[in-house]
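Architecture at a glance
Now for the letters of each chain:
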Amino acid sequence: MRVLLVEDDVIVAQALQEASYVVDWVENGEVSLSVLASQHCDIVLLDLGLPGKDGLEVLKTISNQENPVPLLIVTARDDVNDCIRGLDRDADD
Ligand SMILES: [Mg+2]
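In this report, the structure presented in the accompanying data block is examined. Quantities reported herein were computed from a predicted structural model and do not represent experimental measurements.

What counts and what doesn't
Residues numbered from 1 in each chain as written. Predicted model: local features only at pLDDT ≥ 70, side-chain atom pairs only at ≥ 80, totals over all residues. Heavy atoms only, no water. Patch = residues over 30% accessible without salt bridge, like charges linked within 9 Å, V, L, I, M, F, W, Y side chains within 5 Å. Areas by Shrake-Rupley, 256 points an atom, 1.4 Å probe, with all protein chains shown as cover. Salt bridge = Lys/Arg side-chain N within 4 Å of Asp/Glu carboxyl O. Helix = DSSP H or I, 4+ residues; strand = E, 2+ residues; numbered from the N terminus. Buried < 20%, exposed > 50% of the residue type's maximum accessible area, 1.4 Å probe, protein only. Donors = N, O, S within 2.8 Å, 3.2 Å for Na, K, Ca; no water. Arc of directions from axis to C-beta. Contact = heavy atoms within 4.5 Å. Polar contact = N/O pair within 3.5 Å; in protein donor to acceptor, adjacent residues only side chain to side chain. 1 Å grid on protein atoms, 1.4 Å probe; cavity = no way out; pocket = protein on both sides within 12 Å on 5 of 7 lines; lining within 4 Å. Points joined across faces, edges and corners; volume = space filled by probe spheres on them. Nonpolar A, V, L, I, M, F, W, Y, C, P; charged D, E, K, R; others polar. Core = buried A, V, L, I, M, F, W, Y, C linked by side-chain atoms within 4.5 Å.

1. Brief notes about a nonpolar patch on the surface
A cluster of nonpolar residues, Val-10, Ile-11 and Trp-25, forms a patch on the protein surface that exposes about 270 Å² of accessible area. Among the structural elements, Ile-11 can be located in helix α1 (residues 10–18). A relative accessible area of 56% places Ile-11 in the exposed class.

Rendered as structure tokens:
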């Protein structure tokens, strides 16, 4: 399984690598869209607070694509409104 981690916090990337997951890791929302345009990935793990392009904007772009890649939001934001916005933009539950 090919995982794209879009996260600007190195601790999350390290935790996945220490758990033996093989991930492609980018720290910038804009860059994540370029990566997705050029290579296959099976799932995206997406932070919301990102440089370059906010995670919800990245999610909106991905969900508007034909056959969007499955996507889970991984964020420290715990506001229920952020949760609702993510699900409204077709993040997987
Ligand atoms: Mg962040």
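2. Let's talk about the side chain of Asp-47
Mapped onto the secondary structure, Asp-47 falls in the loop between β3 (43–46) and α3 (55–63). Accessibility expressed as a relative area gives 7% for Asp-47, which makes it buried.

3. Considering the coordination of the magnesium ion
Every protein donor of the magnesium ion is listed here as Asp-8 (OD), Asp-47 (OD) and Gly-49 (O), and their distances to the metal cover 2.1 to 2.3 Å. Each donor residue of the magnesium ion belongs to the same chain, and together they define the spacing D-x38-D-x1-G. Within this pair, whereas Asp-8 is found in the loop between β1 (3–6) and α1, its partner Asp-47 is found in the loop between β3 and α3, the two being separated by 39 residues in sequence.

4. Quick word on helix α2 (residues 29–38)
Buried residues of α2: Gly-29, Ser-32, Leu-33, Val-35 and Leu-36, and no others. Along the long axis of α2, the arc covered by the buried residues comes to 160°, so they all point the same way. Opposite the buried face of α2, at more than 90 degrees from it, the exposed residues are Ala-37 and Ser-38. Tucked inside the fold, the buried residues of α2 contact β1, β2 (23–26), β3 and α3. Sitting at the head of α2, Asn-28 places a side-chain oxygen 2.8 Å from the backbone nitrogen of Glu-30.

5. Digging into the layout of surface pockets
Within this model, the largest pocket holds a volume of roughly 190 Å³. Taken together, 14 residues form the lining of the largest pocket, with Ile-73, Cys-83, Leu-87, Ala-91 and Asp-92 sitting closest to its centre. Contributing elements (two or more residues each) for the lining of the largest pocket: β4 (71–73) and α4 (80–88). For the lining of the largest pocket, the element with the most residues is α4, which contributes four residues. Classifying every residue of the lining of the largest pocket gives six nonpolar, two polar and six charged.

6. A few points about the nonpolar core
By size, the foremost hydrophobic cluster in this structure holds 18 residues, and its most contacted members are Leu-4, Val-6, Leu-36, Val-44, Leu-46, Ile-62 and Leu-71. Those elements that provide at least two residues to this core are β1, α2, β3 and α3. When residues of this core are assigned to their parent elements, the largest contribution, four residues, is made by α3. Those residues in contact with Leu-4 that sit more than four places away from it in its chain are Asp-24, Val-26, Ser-32, Val-35, Leu-36, Cys-41, Ile-43, Val-44 and Leu-45. Core analysis: the second largest hydrophobic core is formed by seven residues, Ala-13, Leu-16, Val-23 and Leu-45 among them.

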